[in-house]
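Structural overview
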Amino acid sequence: MRNVPGIMEKAEQSQLMMKHFLLAMTINIAGLSAHSCIAMDKYVNDNNVKIIAVSESHGKFQGFGNYDIYRAHSNKLGCSLIIHKQLNSYEVKITPREGVDCCFAAISIEKRKFLLGSIYVHLGNTENIERATDVLAEVNTLCKNGNLTGPVIFGDWNSRHPLWGDKLENKYGKLLADYCADNSFSIISPHQPTFVSASTKGSSVIDFCITEQNCSDMVCNARVIEDIEFFSGAPEQGHWPVL
């Protein structure tokens, strides 16, 4: 049986990631505090979580001595990407965009490099989600031109759509779903609320992962973690972590 380029490469990528199974987590923390840092640091170390994407990570990090931390700031919101030092990560710079906080880093596994990202898309202007799709286009090109596998991007997209398990659709969700369908991106979602509220705001599925379709099988199904307190506001009003 002859080797088929592309198909064989994808199979090799999947085998590599299965051999080095990595736990990743994303959460909108709604502002860092000493309590949230202590709780997250303990959880990720106790559970061997290697990659953490944090939205609205304004404030000061405490702990995380075994991790490298990459950050993006704007308007006191921001996001961070926290990667275990074992993965030999390094920052990858992209074009800054108004209304989108994002940071990227590459990791090395057996001489192969994977591009990871953390993103927070601000609410209030549909141009922000359009700028987020510009980010997807830029990092996808970066991967193809730079011999990187990916991208794999975790975060709070503030986008609602039944495609990833939300009961409603907003403008952000419509634009993001259409873009991903037209440009070979996959959305990996827990298909249950990641933001919860006891008020009239209701609940929504807005924290998830987007990856290029050719490496989507390297990202396992996501699940919401409801039995841990990260001081993000949930379950009254706030975000649950997604693992």
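Notes on the structure follow. Numbers given for residues are sequential positions, taken from 1 along each chain in its written order. At least 70 in pLDDT is required for a residue's local features to be given in this predicted model, at least 80 for side-chain atom pairs to be given and counted, and no such filter applies to totals for whole chains, interfaces and linings, which use all residues. Hydrogens and water molecules were not included; the side-chain quantities draw on all heavy atoms of the structure.

Another aspect to go through is the pairing of strand 4 (residues 79–84). Across the six residues of strand 4, six count as buried, placing the element largely inside the fold. Because side chains alternate across strand 4, one face comprises the buried residues Cys-79, Leu-81 and Ile-83, and the other comprises Ser-80, Ile-82 and His-84, equally buried. Two strands pair if DSSP finds at least two bridges between them. Think of it this way: any DSSP run of H or I at least four residues long counts as a helix, any run of E at least two long counts as a strand, and we number them from the N terminus. Across five bridges, the pairing between strand 2 (residues 49–55) and strand 4 is antiparallel. Across the sheet, Ile-52 pairs through a bridge with Ile-82, a residue of strand 4. With six bridges joining them, strand 3 (residues 67–72) and strand 4 adopt antiparallel strand pairing. Counted as the bridge partner of Tyr-70 is Leu-81 from strand 4. A simple rule labels every residue: compare its accessible area, found with a 1.4 Å probe on the protein chains alone, to the largest value its type can have, and call it buried under 20%, exposed over 50%, or partly exposed in between.

This next bit is on unusual backbone geometry. The linkage connecting Gly-150 with the following residue, Pro-151, adopts the cis geometry, with an omega of 5°. Geometrically, the link from Ala-234 to Pro-235 is a cis peptide bond, its omega value of 10° lying close to zero. Relative to the helices and strands, Pro-235 is located in the loop between strand 11 (207–212) and strand 12 (237–239). In the Ramachandran plot, Ala-30 falls in the positive-phi region, its phi being about 55° despite a non-glycine side chain. In the Ramachandran plot, Phe-231 falls in the positive-phi region, its phi being about 60° despite a non-glycine side chain.

Our next topic: the nonpolar core. We call a set of buried residues a nonpolar core when its members are Ala, Val, Leu, Ile, Met, Phe, Trp, Tyr or Cys and they connect through side-chain atoms within 4.5 Å of each other. Ile-51, Leu-81, Ile-83, Ile-107, Leu-116, Val-152 and Phe-154 are the most contacted members of the largest nonpolar core, which totals 31 residues. Breaking this core down by element, the ones donating at least two residues are strand 2, strand 3, strand 4, strand 6 (100–109), strand 7 (112–121) and strand 8 (149–156). Ignoring anything within four residues of it in the chain, the contact list for Val-152 reads Leu-115, Leu-116, Gly-117, Cys-209, Ile-210, Thr-211, Cys-215 and Val-219. The contact criterion used is simple: two residues touch if any of their non-hydrogen atoms lie within 4.5 Å.

Let us look at helix 2 (residues 34–46). The end-to-end C-alpha distance of helix 2 is 18 Å, a good match for the 18 Å that 13 residues give at a rise of 1.5 Å each. The set of residues buried in helix 2 consists of Ser-36, Cys-37, Ala-39, Met-40, Asp-41, Tyr-43 and Val-44. Summarising the contacts, the buried residues of helix 2 are in contact with strand 1 (23–28), strand 2 and strand 3. Multiplying one less than the number of residues by 1.5 Å gives the expected span of a helix.

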